[in-house]
Structure formats: structure tokens, C-alpha cells
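Commentary on secondary and tertiary structure
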Amino acid sequence: MESCIERLKDYIENITKITATPNMGCTRFSYSEEDRQVREYLMNEMKALNLSIKVDGVGNIRAKYIDNNEDKPSIMIGSHIDTVANGGKFDGLTGVVTALEVIRIIKENNVSLNNPLELIIFAEEEGSNFGTTMIGSKILTGAYNLEYLKTIKNDIGKTAYEVMKSFGLDVDNLEKSLLKKEEVKAMIELHVEQGGILDTEQIPIGIVQGIAGMKTYKVILNGVSNHAGSTPMKLRKDPMVGAAEIIIHMERVASERAFESTVATVGKIHCKPNGSNVIPGQIEFNVDIRDVEARGMDIVAKELVNKVEEVSRNRGLNYSIDLIGESDAVRLSSNVIDTIQQTALENKYSFKIMHSGAVHDAAMLSGMTDVGMIFVPSIKGLSHCEQELTKFEDIKLGCDLLLSSVIKLASE
Ligand SMILES: [Zn+2]
């Protein structure tokens with residue numbers, strides 16, 4: 001049994017034609033007219049397979065394939081269909097069409113399974129409407145609630161609640177959308193890598209082990225602004241050189257005192273007043289710390305706080321330091337990882353065990369069930385742009401791996 005490359009290609013090509021920006025990449029926001037058309041297209045395919053379809057209050061589509069095992073927990077597969085503005089063909093959609101193909105093959109071949117399969121399409125993953133990502137999976141798992149949907153707004157000032165309601169969703173009964181632990185046995189999301197590792201190493205499959213967490217700090221250092229010519233070096237309180245010391249220290253700590261997977265970045269910095277002949281009065285910068293190991297992030301964060309305090313004391317600066325954003329690192333299920341890996345070995349697929357620097361819907365479900373992810377290569381690592389490209393041969397291979405892994409998980 002294997003997937004049909006032509007069908008996968010047709011799905012992706014047909015759906016990509018439905019875009020708000022023809023010839024300028026794929027633009028398909030959740031709750032738009034394009035979204036409505038693609039939902040209709042996909043739900044027709046699901047109906048042809050006799051799946052039982054439910055759309056929840058936030059717009060997640062859940063379609064179940066039941067053989068003779070209705071009461072058992074499902075093996076869930078799927079991803080998202082929304083895009084960023086002028087995005088690519090493959091982000092999200094690849095995971096949806098491969099899931100559909102997996103269910104079709106299992107049904108056509110009358111494969112007998114112990115568990116039902118459930119195709120899931122998460123709504124509003126990209127954050128294109130309201131600036132906050134993964135709303136569908138966060139509502140599904142209870143991380144966001146109805147009240148929150150009434151506070152976030154799109155560019156024209158409409159709340160998420162209003163937008164969903166006018167799209168025809170039953171958003172007032174959102175609690176019915178909550179996923180229950182006993183409904184699902186395992187979840188696998190297939191996704192394009194969106195980085196250049198697999199393409200560079202010419203490996204067609206990535207098996208994801210961990211998804212990096214993130215801590216973002218904002219640091220403000222206040223010194224004394226003064227004349228760059230007439231102020232002797234020893235009389236200065238210069239926050240710029242203080243910031244430089246801290247930034248260098250961040251690089252050293254992330255590369256030497258934490259883990260191989262730990263990264264720290266200062267990519268945003270503001271200097272006041274920002275004149276070449278003026279000693280700055282204030283420097284504000286963000287420190288972005290990421291790791292799949294929570295302890296790696298903690299080590300760097302602690303060093304940051306200590307160093308800011310030490311540098312400010314030594315240089316006579318005032319400072320503030322605030323944690324402005326945070327997400328947890330996620331370890332995916334070793335059971336699911338082992339199943340996927342075993343399947344890849346049996347089929348002699350070349351693969352790499354790797355981490356994901358980007359967060360996905362699958363990560364949201366990891367607190368509730370056993371979660372795994374399969375990556376297929378993004379050519380040159382490009383994503384969220386028109387040039388985004390994944391070879392159909394690689395998508396087919398990923399789909400075949402998903403198929404065999406799902407059959408194993410549903411047969412245990
Ligand atoms: Zn995506």
C-alpha cells in the first residue's frame with residue numbers, strides 16, 4: 001500500500017488556486033471567502049470517504065473514520081489550511097492532504113484497525129487575522145477561552161468572536177469544542193520543515209523529538225546622556241557599552257554554559273537619542289532565548305538577570321528587566337517517535353531525528369496525548385513566502401511513512 005503522488009499533487013494544486021492574491025503567493029486567511037471555498041472542497045472529499053464531520057465553535061474541522069471501533073480513542077492526524085499573507089503552497093496544507101490520503105488508502109484497502117482515525121484541520125494557526133497564533137488548537141485544548149476571543153481584534157477592529165460568529169460558527173458554545181483526553185490515543189502532524197537542515201543534508205524525512213520553547217526579555221539601561229567630545233571616559237555612565245557587555249555575555253553563556261540546543265539572540269535594539277556625537281542616555285534591547293531543554297533556557301535567563309544587575313552596578317546605570325513572552329519547550333512522545341522511527345527503518349527511508357525551532361498545533365496537544373511530528377524538506381529552507389517549495393516525491397514519502405505509522409498505532 002502506498003500513497004498516490006498524482007492525487008497529492010492535484011489536491012495541493014487545486015487548493016492553491018483558491019487565493020486572495022493570484023500570482024502573488026497564497027493568501028488564505030481563516031474565516032475568509034477563500035477559507036470557505038477550501039473547507040467546502042475538503043469536506044466534499046471527506047464526505048466521499050463517508051467520514052463523520054464536525055466543525056467546532058472556533059472552526060476546527062474534525063472528521064472521523066470509524067470502522068467497527070466507535071468507542072475507542074482516535075489516532076488523530078492533520079494540520080492547518082490557513083496561510084500568512086502571500087505565503088506558500090505547502091505550509092499546513094501538506095499535513096492536511098497527506099492525512100486525507102492516508103484515510104483514503106486505509107478505507108480503500110479495508111485495513112482493519114483497533115482505533116478510529118480522525119482527520120483534524122486546525123483553524124487560524126498562522127495568526128494572520130488577530131496577531132496571535134494557533135487559536136484553533138489553543139481553544140481545543142482549553143488554553144484560550146471565549147472571553148479571550150472577545151478581546152483580540154483584526155486590522156479593522158472586529159473581535160475574533162465577531163469574525164467567527166459572522167462566519168457562521170457556534171462560538172457561543174465554545175465549551176463543546178474542548179478536546180477530552182479519552183477521545184484521542186495519539187496525534188501525528190506532518191509538516192514542511194521550514195528550515196534548511198533536511199535540504200542541506202539531502203535527507204527526505206525528519207522525525208521531530210522536541211519543539212523549542214522561548215523566553216523573551218526586554219532590558220532597559222538608563223545612563224547619562226552627554227557630549228561625546230568633552231566628557232572624559234572616567235566620568236561617563238554609558239548604557240551602550242553596558243549593553244555590549246551583556247550581549248557578549250549572552251553569546252558566551254548560550255554557547256558554553258548551557259546545551260548544544262540552547263540559542264540566545266539580541267535582534268532588536270533602540271538607542272536614545274541615537275546621535276553619533278552623543279553619549280547615549282538609554283538603551284533598550286530584547287533578548288530571545290530558546291531551547292528544547294527547559295533548563296537551558298533557565299541557565300541563560302538567570303545569567304542574563306545577574307549580568308544586567310552586575311553591569312548596572314559597576315557602571316552606575318539604572319535598569320529594568322521584564323519577561324515579555326514565554327512558551328514552554330515540548331518533548332514529543334517517545335512512543336510515537338519510536339513507532340515512526342521503526343517504520344522508517346523497516347522501509348529503509350533515510351531520516352534524521354531533529355528538533356523544531358518553530359511551534360506547531362501538535363505541540364498544543366502534547367499535554368493531552370502522545371504526539372509526534374514528521375517533517376519533509378523545505379527547499380533552501382524557505383517558507384511563509386511564494387518561493388516555498390517541497391518536492392512531491394518527498395511529500396509522497398512522508399505520506400507513506402505517516403500511513404504505516406498510523407496503522408501501527410491503531411493496531412497496538
Ligand atoms: Zn504551518
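One can find the structure itself at the top, above this paragraph.
Residues numbered from 1 in each chain as written. Predicted model: local features only at pLDDT ≥ 70, side-chain atom pairs only at ≥ 80, totals over all residues. Heavy atoms only, no water.

With 16 residues, helix α2 (residues 33-48) should cover 22 Å at 1.5 Å per step; its first-to-last C-alpha distance of 23 Å lies within 8% of that length. Those residues of α2 not exposed but buried are Glu34, Asp35, Val38, Arg39, Leu42, Met43 and Met46. All buried residues of α2 project into a common sector of 155 degrees when viewed along the axis, lining one side. Residues of α2 that are exposed and point more than 90 degrees away from the buried face comprise Glu40, Lys47 and Ala48. Tucked into the core, α2 has its buried residues touching α1 (5-16), β1 (52-55), β2 (61-65), α3 (93-108) and β4 (117-122). Immediately downstream of α2, the backbone of Asn50 shows phi near 65 degrees, a positive value. (Helix = DSSP H or I, 4+ residues; strand = E, 2+ residues; numbered from the N terminus. Expected span 1.5 Å × (residues − 1). Buried < 20%, exposed > 50% of the residue type's maximum accessible area, 1.4 Å probe, protein only. Arc of directions from axis to C-beta. Contact = heavy atoms within 4.5 Å.)

Next up on the list: the packing of α1 against helix α12 (residues 392-409). Following both chains from N to C, one finds α1 and α12 inclined at 110 degrees, their axes separated by 10 Å at the closest point. With respect to α12, the element α1 is oriented roughly perpendicular. The crossing of α1 and α12 is right-handed. For the pair α1 and α12, contact is made by Ile5, Leu8, Lys9, Ile12 and Glu13 and by Phe392, Glu393, Ile395, Lys396 and Cys399, respectively. Tallied by class, the residues present in the contact of α1 with α12 amount to 6 nonpolar, no polar and 4 charged. (Axes fitted to C-alpha atoms, helices over the stretch in contact; angles between N-to-C directions. Parallel < 35°, antiparallel > 145°, perpendicular 65-115°, else oblique. Left-handed = near helix turned anticlockwise from the far one by under 90°. Nonpolar A, V, L, I, M, F, W, Y, C, P; charged D, E, K, R; others polar.)

Turning to unusual backbone geometry, a few remarks are in order. Excluding glycine, residues mostly carry a negative phi; peptide bonds, for their part, are mostly trans. The linkage connecting Lys272 with the following residue, Pro273, adopts the cis geometry, with an omega of 0 degrees. Along the chain, the position of Pro273 falls in the loop between β9 (263-272) and β10 (278-279). One non-glycine residue with positive phi stands out, namely Gln194, at about 65 degrees. In this structure, Gln194 sits in the loop between β5 (184-192) and α7 (197-201).

Let us look at the pattern of salt bridges. Evaluated as defined, the whole model comprises 23 salt bridges. Linking Lys218 and Glu284 is a salt bridge whose minimum nitrogen-to-oxygen distance equals 3.8 Å. Placement of Lys218 in strand β7 (residues 213-222) and of Glu284 in strand β11 (residues 282-291) is noted, with a sequence separation of 66 residues between them. Across the pair Glu310 and Lys307 runs a salt bridge whose closest N-O atoms are separated by 3.4 Å. Of this pair, Glu310 and Lys307 both sit in helix α9 (residues 294-315), separated by 3 residues, roughly a single helical turn. Take Lys307: its relative accessible area is 13%, and that puts it in the buried class. Within the structure, one salt-bridge network assembled from shared partners comprises Arg7, Glu45, Glu101, Arg104 and Glu108. (Salt bridge = Lys/Arg side-chain N within 4 Å of Asp/Glu carboxyl O.)

Here 4 bridges tie β1 to β2, and the two strands are oriented antiparallel to one another. Each bridged residue has a counterpart across the sheet, and for Ile53 the counterpart in β2 is Ala63. (Pairing = 2+ DSSP bridges.)

Let us look at the environment of Ile205. As for its placement among the helices and strands, Ile205 is situated in strand β6 (residues 205-211). The sequence separation of Ile205 and Val192 amounts to 13 residues, and the corresponding C-alpha distance is 9.8 Å. Those residues within four positions of Ile205 in sequence are excluded, and the remaining contacts are Leu198, Ser350, Phe351, Lys352, Ile374, Phe375, Val376, Leu397, Gly398 and Leu401.

Around the zinc ion, the donor atoms from the protein are His80 (NE2), Asp91 (OD) and His191 (NE2), and they sit 2.0 to 2.2 Å away. Donor residues for the zinc ion sit on one chain with the sequence pattern H-x10-D-x99-H. Of this pair, His80 sits in strand β3 (residues 74-80) while Asp91 sits in the loop between β3 and α3, placing them 11 residues apart in sequence. (Donors = N, O, S within 2.8 Å, 3.2 Å for Na, K, Ca; no water.)

As a further point, take α3. End to end, α3 covers 22 Å across 16 residues, agreeing with the expected 22 Å (1.5 Å per residue, within 8%). Most of α3 sits out of view: 14 of its 16 residues are buried. The first or second residue beyond α3 is Asn110, which carries a positive phi of 50 degrees.

Orientation of helix α10 (residues 334-346) relative to α12, taken along the N-to-C sense of each, is 125 degrees, at an axis distance of 9 Å. Accordingly, the angle class assigned to the pair α10 and α12 is oblique. Crossing of α10 against α12: the hand is right-handed. Seen from α10, the contacting residues are Asn335, Val336, Thr339, Ile340, Gln342, Thr343, Ala344 and Glu346; seen from α12, they are Leu401, Ser404, Ser405, Lys408 and Leu409.

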